[in-house]
Amino acid sequence: MKRVFFVSEKLHGAQGSVRFKWQKKQGNYLATSGTSRTVYVFDRRGDLKSEISLPGVCTGLDWDKDGDVLAVIQDKSGVVYLWDANTHRTSQLDSGLKDQLTFLTWSRIGPQLAIGSSKGNLLLYNHQTSRKVPVMGKHSKKITCGAWNAQNLLALGSEDRSVSVSSADGDTVNVAQLRAEPGSMQFSEMKTDEKSPHEENTVSAIVGKKTMFLLNINDPENPIELAFQSRYGNIVSYQWYGDGLLLIGFSNGFFIVISTHVKEIGQEMFQARNHKDTLSSTAISLTLQKAATCGDNSVKIHDLSELKEMYAIITVEDAQGQLDRMEWTDDGQLLTVSTRTGCVHTYLTKLPILGDASGTRLAYLTSLLEMTVSNNVDQEPSFRVELKVEPTFVCVGLYHLAVGMNNRAWFYLLGERGAELQSDKEYLGTVNKMMLNGEYAAVLYDNKLQLHMIEADPDAGDDRESRMFPDKGRGLQITCAALTSDFLLFGTESGSLHYFYIEDWQYVNEFRHVVAIRGVYPDAAGTRVIIIDDKSDGLVYNPVNDATLEIPNFSPSTLGILWENYPNDRTVFCAFDSEKLYTYALYRDTMTGPQCRLVGTSKLPFAHHPLMLYNGEVSCVTQSGKIVALTLSTHTFLCDPADLPLPERRTAFEQCLLLKRFREAWLFASAIDSSETWCDFAKAALHHLDIELAIRVYRRIGDVGMVWSLQGIQEVEDKNLLAGYVAMFSENFNLAQELFLSSTYPAAALEMRQDLLHWEQALQLATKLAPHEIPYISKQYAQQLEFTGDHSGALFHYEKAITKKPEDAEHDESCLGGVARMSIRNGDIRRGVGLALQTGNKQLQRDCAVLLENMKQLVEAAMLYEKSQSHDKAAALYIRTKNWVKVGELLENVTSPKIHAQYAKAKEADGKYRDAARAYEAAKDYDSVIRVNLDFLQNPDEAVRVVRETQSVDGAKMVARFFERLGDFSSAMQFLVLSKCGDEAFAMAQAHNQMEQYAEIVGDEASEDEYLAIAEYFVGDKRLFNAGRFFLKAGQHTKALHNFIHPTSSDDGRSIEMAIEAVGQAQNEQLTYQLIDYLMGETDGVPKDAKYLFRLYMALQQFREAARTAIIIAREDQNSGNYRQAHDVLFSMYAELKKNRIRIPREMEQNLMLLHSYILVKVHVKLGDHRMASRMLVRVANSISKFPSHVVPILTSTVVECQRAGLKNSAFSYAAMLMRPEYRQKIDAKYKKKIEQIVRKPDKTEEEEPATPCPFCSSPVPETKLYCSECKNNLPYCIFTGRHMVRQDWTQCPRCNFPALHSHYSRYAQTCDALCPMNGEPFSADELTLVGDPSSYLKEMTELSDD
């Protein structure tokens, strides 16, 4: 709280307390008096206005009800001093009382002044009539206190311990005796249960400083006296307020609130200790709804609505704990506190709420004689402006500040460092409102409006200096006005709104409203104006086209309008009343045209006056002269979405959409990231015709269809056409039609209705927009009516759609078809059938036939089916009409088995069995075909054919019975098995000793039980091999093995093969050992061939054992000269080991390589490649000990081939070997002389073998050498040439997967009988591919090698 002024104790005297009183109503003057025998009158700023010298010390002073006269009494004479506030003159009134004057008080409603004396006498003085009425002996002792009530009754208290109530003429109404001296007398109303007229019926007083006395003048016999806790101390002051509530202050610092309602009398509603040591006075301002207590060195102020909260604390620094009394002005703006030392302090507790805004600049009253100008948005420094008067109105413009009171205004020029008084101006009436722009001021007074320049411009003409509105003779009563940079606007009592263009100095627009206009609030440019009329309705007016929009939910108590100053929200405004702020958004372009929508409401705190709106923040001036920024509840999105919980994000997102803050909406939609949110965003963008944003949102959603559709209308410039398309996409088709029709392309409405299949509306539109389209629309409408069942309507529109134009022949044919169908539907069958036949349209005939069939018109339906070549349907209907002749004619074209079956039954009944059999077969009733052929036609061959082709179970049974009757049991069993009658077939085989035939018929399709039965039969018949076979099929491996190795079983090797298969399937160690014992001869003393042991290991997948066995077998075959057989055994074993990724024994690899090299000799000799043949023979001859059966022939062939190939030295070496005694006699005679000659005449010339790179390390290695001495690796060999492989010429045989040299192998593959050299299977050159990188094969070879 700011101290306004201070009166020193030097004026009042340093001793004793100060009496003071504020002028009633206006509160412009404060009268004070101490012990200095002078009354001082100060104005609100603390300036001394007058002094009243007294002969004695002032004993009382008071202002009359209007604040015009101050009455003062003193202790030295009976004269009353009267000071006139208007003339500042003092007059004297002789009371006529000879004793000391001790008390005075003015009536609250009349001109009466009551004066009491020390002897209890009373004088009533009427200031208006100057009549004096003395009342002697009103009390027996000094009158000390008193009060008037609203009914002009006077209550007085005296030292005689009594209270009297008198009329305005001095007549005593009531007298009440008290137990002690009364003080601080007041009138008020004490609440009762009974309804009574509102009057101040209760006299209250402090009695003996301890109790409160309450006297109801309507019930004087029952006064009430209230006592309080002794810890509170003495009662020092009390105040009435509210609904019969009493605030009482006590000397020990406490104050309480009690109720005086009859049921609650004396009950404490609130209690607090406000001051530590002492409380000296209380005061209440009903205007402010505040209560104050003073004590110690401070004044504490509370809000009456919430006494627990401390509103303010004023510390009086020089009081020294001597605060005495307090009083508020009637308007609550000033609070005065006195001290016992004679000082008076006056504080500003409430400012007039004065302020104005121009753009983002604010001007507001911060003290009674001080304005503050600030612009926080533009970050301009604020400054203060000292005023000469206490203003009642204020206005700020671009460069000026205007303040004033009554009919006078002072203009200040605003600069960077402050404000400078420029001029002042008086007007012809009291100013109601003032407005400023950059150059002009507009002043509203007495229903007139004056526009004048703020600063005189010498270049401007006199006519532009000032102008009065309305013009003379127009008789308009101006009720409101507004001023923008370009326009002066004013509204009148007759409801007209006038636009005056300042630059051209003339009227440019006039709008007439139906009722008087109370307020106008234009935006910054003046292109949108909010009008408030006498009905308290709000409108948004567009002066460009005179269009108005009603503001929804407009508060009837609206006090003002604020337009948003934020650049992106110029279409947002805020209306406010005393309690709420209403945020509205004005949409200029939407799908439904311009709109005004209420976005939300915000609470406006008490005594806050809104001045300016910027980005959702309202700047309000308060009673304390401060600016408070309130964020509207509609702008919660002005924060980071991450800081809000999900429900509040959703609310903020919806606010963004309503305010068209789409950039912020995108951020919140991304934070929420739900499909519902994005869909709402897209709908909002469409509603506001923001097609580009809508495309962006739909693309974000992934709605390709909407993106394509919107891209198609993105370039549309006609707003109505664009809005129509948007309304159509939003499924608001009626609105879309209205918009299309008002656009430059009304045909879009027709196209939309056609696309939507709204044919009735389309026909109405086509009548005006496209008459040539009516036939085609009628046809489509007829089709829809036909579908929905409105056949008469469909017939009408089909007939209407026929054009009879040659170019529309296809259209007319379709319509005629519709007429035909609808004629049948409506009962005109002859016309419908005739039209169907006339058109020759098979589909139409078929459709009409369906309709006729449903209508039970079978003959006509069958005829149309036949005409449309629907032979099945026609035949079915002919059957229903028993027209077998027609059925027979159509039968060859009928595909329905059902119809053929019906026809077959009819023919069978007629005894025409061949026709019946053919019909049954066409009907796919094969059992009936078989039955007719067996029973009637005696044609079993045909029946057997049908059974074999159809696998019919029932038919097979019939054929089986037929053959059984003929004694052909084998055929009978075959068909019994086919008919799933296995038990009967088994019994037949058993009975007729046909089990082997039965077993052959059963094959692999029988069940385990059937196999077991067959096996048991063969056991009983001593045919153990067959028994073992079927035990094996039944999964009985033990029994199968037992029968296979039984001494009486077959001895041709088949039993052992089957035994190996049984053990391989069983994977049972016991059976394995049993079979091995048998093969080794442990069971019967006869060892079996080793090949069986090899096959057993293979069956058991024991590949290592199989490999060792294979090597043994191959060695035996090799020793005996069976080289191909040995080669095949080793190859098969090699392939199995490689397949199962088991290391391959080196011996097996070596033997396979030697055997394969020997086999390649014949291949190369046959191809004429003797050099390669000789190289392979040299490789074999180097290991000739592994070929003991053919040493001499192999060596002989080696000598011959080497000689042919030019390998002279090799030929000599092996010829010399043949000349050994053990070989010489075995040489073939035809080669003997030649070999002897080679030895006798040796020629040791021989070319060195060519070298090729090693596939591992690329070192040169002779072609046929299979070991690299550099990298110590065994080398893979080509299965065709026998040479080692080369990386750059690598392929793999598609049959054996062994490598081969691509160049050689592909040439070999092109021969007509190319067979794989490894396994003998044929292959083609197309299957060979060049391997770019054989590393995987080399790696696998290394891993599987057993070196």
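Structure first, text after, so check above.
J.: Please provide a residue-by-residue account of the pairing of strand E19 (residues 202–207), values included.
T.: In terms of residue burial, E19 counts as a mostly covered element, since six of its six residues are buried. Of the pairings in the sheet, the one linking strand E18 (residues 182–188) to E19 comprises five bridges and is antiparallel in character. By the bridge assignment for E19, Pro 182 is matched with Val 207. Looking at chain direction, E19 and strand E20 (residues 211–216) are connected through six bridges and run antiparallel. Bridge pairing in E20 links Ser 204 to Leu 214. Connecting E19 to the antiparallel partner E20 that follows it, the hairpin turn spans three residues, and Gly 208 within it adopts a positive phi of roughly 60 degrees.

J.: Could you give an account of the packing of helix H38 (residues 1191–1205) against helix H41 (residues 1229–1240), with specific residues and numbers?
T.: In contact at an axis separation of 11 Å, H38 and H41 are set at 65 degrees when each is read in the N-to-C sense. Like other packed secondary-structure pairs, H38 and H41 cross with a definite hand, here left-handed. In contact with Thr 1196, Val 1199, Val 1200 and Gln 1203 of H38, H41 contributes Tyr 1231, Ile 1235 and Ile 1238. Residues that form the contact of H38 with H41 fall into these classes: five nonpolar, two polar and no charged.

J.: Before we move on, could you go through a nonpolar patch on the surface and cite the residues and values that matter?
T.: A contiguous nonpolar patch, built from Leu 398, Tyr 399 and Leu 413 and spanning about 280 Å² of accessible area, is present on the exposed surface. You can see Tyr 399 is positioned in the loop between strand E37 (393–396) and strand E38 (400–405). Residue Tyr 399 is classed as partly exposed on the basis of its relative accessible area, which comes to 46%.

J.: Can you break down the nonpolar core residue by residue, with the values?
T.: Across soluble globular proteins, you tend to see nonpolar side chains buried next to one another. Core analysis: the biggest nonpolar cluster contains 93 residues, and Phe 653, Phe 681, Leu 686, Ile 691, Tyr 698, Leu 710 and Phe 740 have the highest contact counts within it. Here this core gets seven residues from one element, more than from any other, and that element is helix H8 (residues 719–729). With residues up to four places along the chain from it excluded, the contact list for Phe 653 reads Ala 665, Phe 668, Ala 669, Ile 672, Thr 677, Asp 680 and Phe 681. Tyr 1158, Val 1178, Cys 1278 and Cys 1296 belong to the second largest nonpolar core, which has 61 residues in total.

What counts and what doesn't
Residues numbered from 1 in each chain as written. Predicted model: local features only at pLDDT ≥ 70, side-chain atom pairs only at ≥ 80, totals over all residues. Heavy atoms only, no water. Buried < 20%, exposed > 50% of the residue type's maximum accessible area, 1.4 Å probe, protein only. Helix = DSSP H or I, 4+ residues; strand = E, 2+ residues; numbered from the N terminus. Pairing = 2+ DSSP bridges. Axes fitted to C-alpha atoms, helices over the stretch in contact; angles between N-to-C directions. Left-handed = near helix turned anticlockwise from the far one by under 90°. Contact = heavy atoms within 4.5 Å. Nonpolar A, V, L, I, M, F, W, Y, C, P; charged D, E, K, R; others polar. Patch = residues over 30% accessible without salt bridge, like charges linked within 9 Å, V, L, I, M, F, W, Y side chains within 5 Å. Areas by Shrake-Rupley, 256 points an atom, 1.4 Å probe, with all protein chains shown as cover. Salt bridge = Lys/Arg side-chain N within 4 Å of Asp/Glu carboxyl O. Core = buried A, V, L, I, M, F, W, Y, C linked by side-chain atoms within 4.5 Å.

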